[in-house]
Amino acid sequence: MADEDLIFSIEGIDNSQTKRVSCNEDSDSEEEDSYFICPITDDPVSKKTEVTNSKGFFRKIVKNEEYSSSSSPRFSFKETWKLAIQKAKQMPDPWAQFHLENIETETATRYRYNAVTRVWSEDEVLIKMATQPFGRGAMRECFRTKKLSNFCHKQNWKSASNYVAKRYIETVNREVYFEDVQLQMEAKLWGQEYNLHKPPKQVDIMQMCILEMKNRPGKPLFHLEHFIEGKYIKYNSNSGFVRDDNIRLTPQAFSHFTFERSAHQLIVVDIQGVGDLYTDPQIHTHAGTDFGDGNLGVRGMALFFHSHSCNRICNSMGLLPFDMSLKEKAALNNTEKLQQCAETILRGTEEKCGSNRVRTISGSRPPLLFRLSENSGDENMSDVAFDSWPSSPSPATPHSQKFEGLSWPVVNEVDNLEHEDSSSVENHRDSENGGDSGYPSEKRSESEDMEPRAHSHSRRRHYESDEDSFGMKSAVANKPSLTPKNSPRSKLLGVERWNQYHSSRNNIHRPSCVALEVQRLNALDVERKIGKSILGKVHLAMVRYHEAGRFCDKEEEWDRESAVYHLEHAALCGELEAIVNLGLMYSQLPHHIVADVTVDDTEQNRIKGFNYLLMAAEAGDRPSMILVARAYDTGINLGKDRSQDWVEALHWYDSALNMTEYDEGGEYDGTQDEPRYLLLAREGEMLMTGGFSLEKDPQRAGDLFTEAAEAAMEAMKGRLANQYYQKAEEAWSMMEE
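The present account deals with the structure reproduced in this document. A quick note: this is a predicted structure, and the numbers were derived from the prediction, not measured.

1. Considering the overall build of the protein chain
- Within the protein chain one finds 21 helices and 21 strands.
- A buried classification covers 57% of the 737 residues belonging to the protein chain.
- Long-range pairs, those at least 24 residues apart, make up 70% of the contacts in the protein chain with a sequence separation of at least 6.
- Total accessible area computed for the protein chain in this model is approximately 30,900 Å², and 47% of it derives from carbon and sulfur atoms.

Here it is, written out as C-alpha cells:
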C-alpha cells in the first residue's frame with residue numbers, strides 16, 4: 001500500500017490502533033477508497049465503531065456490550081468485523097440516481113500534500129465528474145464526482161467512491177488551491193494531536209487534494225474531498241462567530257486546545273462539517289502571513305476568545321480561560337447557560353494539555369511550529385513548569401501589582417481556577433446533534449450551501465462578519481514544487497510519523513492565562529520580555545477591536561472599561577505599545593490608543609503612570625526615556641514616592657542621546673521627539689549648577705554646550721548655536737575661578 005495513502009488516514013487515528021478491511025467485492029484494492037477503518041480500543045466506555053464504506057460516506061455500528069482488548073466470551077472481533085463488512089456492503093449509493101457512471105471518463109493529475117514532510121506528490125487518476133454543480137457557496141461551487149481506485153483491475157464505476165470536487169467561481173491564482181490544501185492538511189495534524197489527549201470525542205479533518213484536469217482547456221484545478229453524508233453545520237468562523245442555536249462543546253474546545261498546545265503561535269478555527277468530521281478550516285498564525293487573507297493573525301485569535309466561553313471539555317483538558325473583563329464575562333452568560341444543556345460525557349481519562357504522560361517517540365515541535373517559531377516558540381526560551389493553575393487578576397485596574405527590580409510587574413495575588421468536577425456530569429450526554437460523540441442523522445439538502453463562508457476573490461477566505469478597521473496582511477505563496485513519485489519518504493505512517501515531532505521539549509504548551517505568562521516572562525531578561533508574548537499581542541488586538549466598536553452595536557458606546565482591562569494585560573505581557581500608552585494615560589498626557597479614555601488625576605494614578613513610563617524607558621523607548629529624565633529633572637509627574645534626582649535625570653538624558661535611531665537616509669532623526677541640541681544643553685545646565693545629588697562639573701558642562709552648539713548648527717539654528725558657545729565659555733570660566 002502506498003505510504004501517502006496511509007498518511008492521509010480519514011479517521012485521524014493512530015494506524016497502530018486501527019484495522020482496514022476491504023469492502024469492495026470487485027477489487028483487491030489497497031487504496032483508502034476501498035477500505036473502512038475500525039478503531040481497536042481497550043476503553044470500555046467507547047462502544048462505537050466508525051466505518052467508511054467504498055462509497056465514501058460514514059456510518060456507525062454500535063455494540064450493546066462493553067468490550068476490551070483482552071479476550072472475552074461476550075465479544076468476538078471476528079463477528080464484529082463480519083457485521084461491519086456486511087453493513088458496509090448493504091449501504092446504498094446515495095448518488096445512484098444521478099448515474100455518474102454514464103459520464104465520460106477523464107484522466108486527471110492528482111496532487112497530494114504531506115504536512116509532516118512538506119512534500120507534494122502527484123499521480124494520475126480516473127474520474128467521472130458531473131457537468132453541472134449541485135451546490136454553490138459564496139466563492140466556490142461543488143460537483144458530484146466519482147474516482148476509480150488506482151488499484152482496481154477493472155473499471156467498475158458503480159463501486160467507485162463518491163467525492164465532491166470544488167472550484168472557485170471567479171478566477172483565482174492557481175497557488176490558492178495549493179495553499180488551501182496545505183492549510184487543511186496542517187489542521188488535520190492538529191486534530192490528531194488533539195486526539196492524543198483522549199478527549200471525550202475525537203475529531204478529524206477531511207483529506208483534501210487537488211485535481212488538475214489536464215485534458216480540459218486551461219487545465220483547470222479542483223479541490224477534491226470525500227463526500228460526507230449528514231447534516232453539515234458551521235460551528236465557528238474565522239471572525240469570532242459561534243453557532244448558538246446548536247451548541248457544541250468539542251469544536252470550541254478543539255480551537256482553544258490548538259492555541260495553547262502551539263504555544264500561542266496558531267489557532268485552528270472555522271470549524272464546520274458533519275459531526276466531528278471537519279472540513280475547510282482556517283488557521284490564524286501569530287504572524288498573520290500564512291494561509292491567505294483568511295488568516296487574521298492575532299486579531300483572529302482575539303475574535304475567537306471574545307466569543308469563547310470555556311466549557312467542561314476545556315476544563316477537563318486543563319485549558320485555562322482567556323482573561324476577560326467582568327462586562328465581557330457577563331455578555332457570555334447566555335453561552336454558558338447553553339453549554340450547561342450540552343450533556344457531554346467526560347470519561348475522566350482526558351489528558352491535560354501538555355501532560356508529560358502524552359509521550360511520543362522522539363523530540364521536536366510539530367512541523368508547522370518550526371516555520372512559525374519567532375517569539376514564544378524560541379528554542380532558547382525555556383518553558384517554566386507550574387504545579388498550580390492560577391488565574392490572572394480580574395479587576396480592570398489591577399492593584400495587585402508591585403514594581404521590583406527593573407520595574408516589571410509581579411502578579412502576587414491570583415485566584416485558583418475552579419474546574420468543573422468531571423464526575424458531576426458523568427451521567428449526562430450531549431443533546432446536540434445526537435450527542436457530542438455522534439454524527440447527526442439528518443441528511444444535507446443538495447441545494448444547501450456546501451460552503452457557507454465568504455472567500456476572497458484573489459486569495460483564500462477574507463471573511464469578517466462586520467467591516468474590519470485594521471489592514472489585512474496578504475502574502476501570495478509560490479506554487480509548491482512537486483517531487484517525483486520516488487522521492488524519499490519516511491517509513492512511518494500517519495500519526496506515527498506525526499508523533500516523532502513531539503515530546504523532548506515536554507510537550508510545548510502555554511496556557512491562555514496572563515498570570516502564568518507573566519511568571520514565564522519574569523524568568524527572562526528585560527530585552528527578551530518586550531514584544532515576545534503573542535498573548536500580549538492578542539490582548540492588544542482586543543483593545544483595538546473595542547475602540548473600533550467591533551464588539552458593540554452601532555448605537556451603543558464601546559466598552560472603555562474592557563479596553564483598559566486588556567490594555568493592562570497586554571502591558572503585563574511586555575507589549576511596549578501598551579506600556580507606553582498606559583504611562584501616558586495615567587500621567588494625564590496625550591496618548592494614541594483609546595485616546596478619548598481618561599482616568600482620575602490621583603496621586604496613585606500618577607505613580608502608576610511614572611512606573612509604566614520607567615518600564616518603557618528601561619525597554620528602550622526613547623520618548624519614554626526623555627519623559628522619565630524630565631520627571632527626575634523637574635519633579636513634574638514624578639509622584640510622591642520619588643524625589644528629584646539629577647543623577648537619574650542625567651542618566652536618562654544620556655540614554656536618549658545614545659539611542660541609535662536613524663531615518664531612511666541613514667542619518668540620525670532627531671525630529672521625532674526632542675532635538676538633540678536641547679537635551680545636550682539641558683545636561684550642560686545641570687552640570688554647570690549642580691544640585692539634587694549631582695555635583696558640579698564645569699569642564700563637562702562646557703563640552704556639552706559646545707556639542708549642543710554644533711548640533712544646533714547642523715539643524716540650521718545659528719542664533720541658538722551662538723548662545724550655546726557663550727554658555728560653554730561661561731562654564732569653562734568657572735573652572736578658572
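2. Brief notes about the nonpolar core
- One finds Leu 567, Met 585, Val 594, Val 628, Trp 652 and Tyr 724 to be the most contacted residues of the largest nonpolar core, which totals 61 residues.
- With residues near it in sequence (within four places) discarded, Val 628 still touches Phe 610, Leu 613, Leu 614, Ala 617 and Trp 652.
- In terms of nonpolar packing, the next biggest core, distinct from the first, is built from 27 residues, Trp 190, Leu 249, Phe 254 and Cys 353 among them.

3. As for the sheet that holds strand β16 (residues 277-278)
- One open sheet holds the four strands; their spatial order is β10-β16-β15-β13, and the pairing between them is mixed. This sheet does not close on itself; its edge strands, each paired only once, are β10 (204-205) and β13 (232-234).
- The pairing of β10 with β16 spans two bridges and is parallel. What sits directly across from Ile 205, in β16, is Tyr 278.

4. Some details on the environment of Asn 195
- Looking at the element boundaries, Asn 195 is found in helix α3 (residues 174-195).
- According to the relative accessible area criterion, Asn 195 is buried, its value standing at 6%.
- In sequence terms Asn 195 and Glu 350 are 155 residues apart; their C-alpha atoms lie 9.7 Å from each other.

5. A word on the pairing of strand β6 (residues 119-129)
- Most of β6 is tucked away, with eight of its 11 residues classed as buried.
- Where strand β5 (residues 106-114) meets β6, nine bridges bridge the pair, whose relative direction is antiparallel. Of the residues in β6, the one forming a bridge with Arg 110 is Asp 123.
- Hairpin remark: β5 followed by β6, antiparallel, with four residues in the connecting loop; positive phi at Arg 118, about 60°.
- Bridging between β6 and strand β8 (residues 140-148) involves four bridges; their strand directions are antiparallel. Among the inter-strand pairings, Lys 128 is bridged to a residue of β8, identified as Lys 146.

6. Considering helix α5 (residues 297-306)
- For α5, the tally of buried residues reaches 10 of 10 residues, placing the bulk of the element in the interior.
- The inward-facing, buried residues of α5 abut α4 (250-261), β14 (266-269), β17 (282-285), α7 (326-331) and α13 (534-547).

7. Description of the environment of His 539
- Structurally, the position occupied by His 539 is in helix α13.
- Taking the C-alpha atoms as reference points, His 539 and Phe 305, 234 residues apart in sequence, are found 9.8 Å from one another.
- Setting aside chain neighbours within four positions, we find His 539 in contact with Phe 322, Asp 323, Val 514, His 566, His 569 and Ala 570.
- Of the polar contacts made by the side chain of His 539, one reaches the side chain of His 566; its length is 3.0 Å.

About the thresholds
Residues numbered from 1 in each chain as written. Predicted model: local features only at pLDDT ≥ 70, side-chain atom pairs only at ≥ 80, totals over all residues. Heavy atoms only, no water. Helix = DSSP H or I, 4+ residues; strand = E, 2+ residues; numbered from the N terminus. Buried < 20%, exposed > 50% of the residue type's maximum accessible area, 1.4 Å probe, protein only. Contact = heavy atoms within 4.5 Å. Areas by Shrake-Rupley, 256 points an atom, 1.4 Å probe, with all protein chains shown as cover. Core = buried A, V, L, I, M, F, W, Y, C linked by side-chain atoms within 4.5 Å. Pairing = 2+ DSSP bridges. Polar contact = N/O pair within 3.5 Å; in protein donor to acceptor, adjacent residues only side chain to side chain.

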